[in-house]
Amino acid sequence: MNDWKDPELGMGRGITRRDFLNGVALTAGAAMLSSDLLAAADMHAAPEQSPGYYPPALTGLRGSHPGSFDAAHSLRDGTFWEQAGAPVDTGESYDLVVVGGGISGLSAAHFFRKVAGSSARVLVLENHDDFGGHAKRNEFSSPQRTLLGFGGTFSIESPAPYSAVAKGLIEELGIDVPSYPKYANRGLYRSFGLGPKVFFDKETFGADKLVINQLPRIGGESEDEQARARDLEIFLQEAPFSDAAKADYRRLVTDKKDYLPGLSSDEKKARLARMSYNSFLSDLVKVSPEVVKLFQAMPQGLFGVGFDAVAAQDAWGLGAPGFAGLNLDPAPGKGMNRDAIPNEEAEKYFFHFPDGNASIARLLVRQLIPQAIPGHSATDVVMARASYARLDEKNSPVRIRLNSTAVRVRHQGDPASARGVEIAYARRGKVYTVQAAHCILACWHVVIPYICEQLPDKQKQALSSAAKVPLLYTNVAIRNWKAFQKLGTNAIYTPGGYHSYMNLDLPVSIGGYECSQKPEEPIVIHMMKTPCKPGRSAREQHLLGRVELFTTTFETMERNIREQLARVLGPGGFDPANDITAITVNRWPHGYAYEYSSLWDKFWLEGGETPCEVARKPFGRIAIANADAGAYAYTDCAIDHAHRAVGEITKS
Ligand SMILES: Cc1cc2nc3c(=O)[nH]c(=O)nc-3n(C[C@H](O)[C@H](O)[C@H](O)COP(=O)(O)OP(=O)(O)OC[C@H]3O[C@@H](n4cnc5c(N)ncnc54)[C@H](O)[C@@H]3O)c2cc1C
């Protein structure tokens, strides 16, 4: 497959700032794992109390890091309780215990205190070593500067407008969304002559070649028609396509042919809802397989699958080519995925912090536990250093307990009349219990049937169907971006690559954080992969992809990353052995909430109660939040369902 040798790629090369933590040598190689940090802190009863405990600065395998899922997987496999010792009663009692420290869980704690008062006692249990869930902060520091990256949730954005509740919370946290242009240096890359490109790889297209990206921006902003026409000619000249594929591509993006003649707009939409975009391209437009392969990976960042598993109607909504002559009524068709329905108001509501929505999680934590994150504004939070030792203090009304997996949540007595709930959690090999008046499960829905056995079977089934979409969000810190400058690009689509997108960081300077302004300066490259298995149903692809992510070693991922960067950027002078200073792979086997599709979910097209409506029903003193509750992979969904869940437990 490749001619690169490990030393040329820089495999095994020590990345110096990772070699020491608090003066203690911990790692020999490039990656430092979370388990190393825990091991280093072993002498302490609570690892979070160790002065060196600072998860955002960890590199290597992050996201669902090693050690975070062992208890949950052992529960799933039915082996947990036979290995666990008898639970230890902590004697602690709370007004509310929240399971899951993501945006939904943190928002639930916030909304609950608004109703119950700020002295209400709340405990948040989170199985990872950091709070925020998918809203994860990655930090890279060197003697010259700190670089920030988003390990998950990229920005405040949603295909549909934020609800009053979600907008209200964003405003309450002090985030002034309309002020975003003030912080973003939108013209930076253009001022250096950089633009989007596509990398054709030899395994998929017969040659390694970087070419101007003329493809329509799927779900993106509309572009200047004149520039597109000019770029089309350059693209067709440069692309390593056969002559037939070039002619097909031109026909696809310029022709206005009706490929479904004789049908009404509604009838056409009904047909398009039931066929994949790849089938539309191959069977109706009849383009060559080379063109299909070029488009295939484009929607992966939205749906976690390629166009083999995305409905043609959704592709139309996202602006994919081929529909110009079909005269479709612009109103959304039945069964469209919400991601595919354009909405102008929603498009304007956008804000990107350098660490993504980790800033929202950090602002929520600051409201809940002011002593844990210094500062007062939504901008100064960007550089504020969280004090993890202060998250779980005895005298604080709100406590966040990391590295703690809820393993059993049950009413004390009959759910209809019980006065409380007992929550058992696993922490570093032991099981503990706490009592609470109420519990909100803001964790992933697939986990809930294993921890809350009292739930009705129908609800458990609905919860289990919310298996998430697997993804990798990889951040690579590099010494400079001169290779990108030489190659004239800042954003590369790599349809046949290990990751399918690689972008220079979105340049935002805010709250004392300065983004990289010159090609000579260090920067973070963001790369995105979804482990798809084209040709299967979306859910099967997600399942197999999840297994792939759990079973691939960091070493293999690192080699793939270095090789991919070398092949794409090598002609610009990029040397992976010298130019890479750190790699953080945010592995999300349980990533986006599963969104319904007209191709795979009959009820979505034909109507009726959706599984997420069944799954989120309250049960005695237990309510259910998380973005899974709305089957919608966005921050506003996580907030909205936290608000609903709090309403359910506080209404009486
Ligand atoms: C890679 C990625 C990028 C995204 N980008 C965007 C974006 O740009 N904009 C946007 O709006 N949305 C985005 N999303 C979606 C958004 O991040 C989510 O909708 C939102 O953050 C979900 O929050 P949550 O609290 O519902 O779930 P999560 O963030 O998943 O939090 C739930 C937490 O519960 C924990 N948990 C699970 N089981 C247990 C247990 N038994 N005990 C204790 N804890 C448990 C989990 O580990 C997790 O930390 C993205 C998602 C991903 C994965």
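## Re the overall build of the chain
So, step 1. Summing up its helical and strand segments, the chain has 27 helices and 19 strands in all.
So, step 2. Its C-alpha atoms give the chain a radius of gyration of 25 Å, near enough to 26 Å, the size a compact globule of 652 residues would have.
So, step 3. Taking the principal axes of its C-alpha atoms as reference, the chain extends roughly 75 × 60 × 45 Å.
So, step 4. Counting over 652 residues, the chain shows a buried share of 59%.
So, step 5. As displayed, the chain has an accessible area near 25300 Å², and 52% of this comes from carbon and sulfur atoms.

## Details of the state of the cysteines
So, step 1. Enumeration over the complete set of coordinates arrives at zero disulfides.
So, step 2. Unpaired in this structure, Cys612 has its nearest cysteine sulfur neighbour in Cys637, at a distance of 7.8 Å.

## Quick look at the pairing of strand E8 (residues 195-200)
So, step 1. The buried fraction of E8 is high, at five of six residues.
So, step 2. With four bridges connecting them, E8 and strand E15 (residues 489-493) associate as parallel partners. Across the sheet, residue Gly195 finds its bridge partner in E15, namely Thr489.
So, step 3. In this structure, E8 lies alongside strand E9 (residues 209-212), joined through four bridges in antiparallel fashion.

## Thoughts on the pattern of salt bridges
So, step 1. For the structure on display, the rule yields 33 salt bridges.
So, step 2. A salt bridge links Asp355 to Arg137; the nearest nitrogen and oxygen atoms lie 2.8 Å apart. Taken together, the residues Asp355 in the loop between helix H17 (344-348) and helix H18 (358-368) and Arg137 in strand E6 (residues 137-141) connect sequence positions 218 residues apart. Residues Asp355 and Arg137 agree in their burial class; the two are buried.
So, step 3. Here Arg408 ties to Glu422 by a salt bridge, and the two come within 3.3 Å at their closest N and O atoms. Taken together, the positions of Arg408 in strand E11 (residues 405-411) and Glu422 in strand E12 (residues 421-427) put the pair 14 residues apart, joining distant regions of the chain.
So, step 4. Overlapping salt bridges, with partners in common, bring together Glu92, Asp392, Arg399 and Arg401 in one network.

## Remarks on unusual backbone geometry
So, step 1. Despite not being glycine, Asn327 has its phi angle at roughly 50°, a positive value.
So, step 2. Structurally, the position occupied by Asn327 is in the loop between helix H16 (312-318) and H17.
So, step 3. The phi torsion at Arg428 lies on the positive side, around 50°, for a residue other than glycine.
So, step 4. By the element assignment, Arg428 lies in the loop between E12 and strand E13 (430-441).
So, step 5. Arg428 sits in the partly exposed class, given a relative accessible area of 37%.

## Observations concerning the nonpolar core
So, step 1. Counting 74 residues, the largest nonpolar core has Phe131, Ile156, Ile170, Ile175, Phe351, Leu391 and Ile440 as its most contacted members.
So, step 2. When near neighbours in sequence (up to four residues on either side) are disregarded, Leu391 contacts Phe131, Val365, Ile369, Ala372, Val398, Arg399, Ile400 and Leu402.
So, step 3. Residues Phe200, Ile212, Leu328 and Ala340 belong to the second largest nonpolar core, which totals 46 residues.

## Brief notes about the site of the ligand
So, step 1. What surrounds the ligand is a group of 35 residues, the closest being Glu126, Asn127, Thr153, Trp444 and Ala627.
So, step 2. Between His128 and the ligand, the recorded distance is 2.9 Å, taken from a side-chain N or O atom to an oxygen atom.
So, step 3. With respect to the ligand, the backbone of Ala633 contributes an N or O atom lying 3.5 Å from a nitrogen atom.
So, step 4. Protein contacts shield 98% of the accessible area of the ligand, which totals 990 Å² for the unbound molecule.
So, step 5. Elements with a minimum of two residues in the shell around the ligand: helix H5 (103-116), E11, strand E14 (469-478), strand E18 (580-592) and helix H27 (635-650).
So, step 6. Take the shell around the ligand: its biggest share by element is three residues, from E18.
So, step 7. For the shell around the ligand, the per-class residue count stands at 17 nonpolar, 16 polar and two charged.

## Some thoughts on the packing of helix H6 (residues 164-172) against H27
So, step 1. It is at 9 Å that the axes of H6 and H27 come closest, and there the two elements cross at 105°. Judged on the interaxial angle alone, H27 and H6 are roughly perpendicular. Residues Val165, Ala166, Leu169 and Ile170 of H6 form the contact with H27, whose participating residues are Asp636, Ile639, Asp640 and His643.
So, step 2. For the contact of H6 with H27, the residue count by class is five nonpolar, one polar and two charged.

## Overview of helix H20 (residues 457-464)
So, step 1. Those residues of H20 that sit buried are Gln459, Lys460, Ala462 and Leu463. When H20 is viewed along its axis, its buried side chains cluster within an angular range of 160° and face the same direction. In H20, the exposed positions that point more than 90 degrees away from the buried face belong to Asp457, Lys458 and Gln461.
So, step 2. Contacts made by the buried residues of H20 are with helix H19 (448-451), helix H26 (611-615) and strand E19 (622-624).

Here is what the cut-offs are and how they apply
Residues numbered from 1 in each chain as written. Predicted model: local features only at pLDDT ≥ 70, side-chain atom pairs only at ≥ 80, totals over all residues. Heavy atoms only, no water. Helix = DSSP H or I, 4+ residues; strand = E, 2+ residues; numbered from the N terminus. Rg over C-alpha atoms; globule rule 2.2 N^0.38 Å. Buried < 20%, exposed > 50% of the residue type's maximum accessible area, 1.4 Å probe, protein only. Areas by Shrake-Rupley, 256 points an atom, 1.4 Å probe, with all protein chains shown as cover. Disulfide = S-S within 2.5 Å. Pairing = 2+ DSSP bridges. Salt bridge = Lys/Arg side-chain N within 4 Å of Asp/Glu carboxyl O. Core = buried A, V, L, I, M, F, W, Y, C linked by side-chain atoms within 4.5 Å. Contact = heavy atoms within 4.5 Å. Near = heavy atom within 4 Å. Polar contact = N/O pair within 3.5 Å; in protein donor to acceptor, adjacent residues only side chain to side chain. Nonpolar A, V, L, I, M, F, W, Y, C, P; charged D, E, K, R; others polar. Axes fitted to C-alpha atoms, helices over the stretch in contact; angles between N-to-C directions. Parallel < 35°, antiparallel > 145°, perpendicular 65-115°, else oblique. Arc of directions from axis to C-beta.

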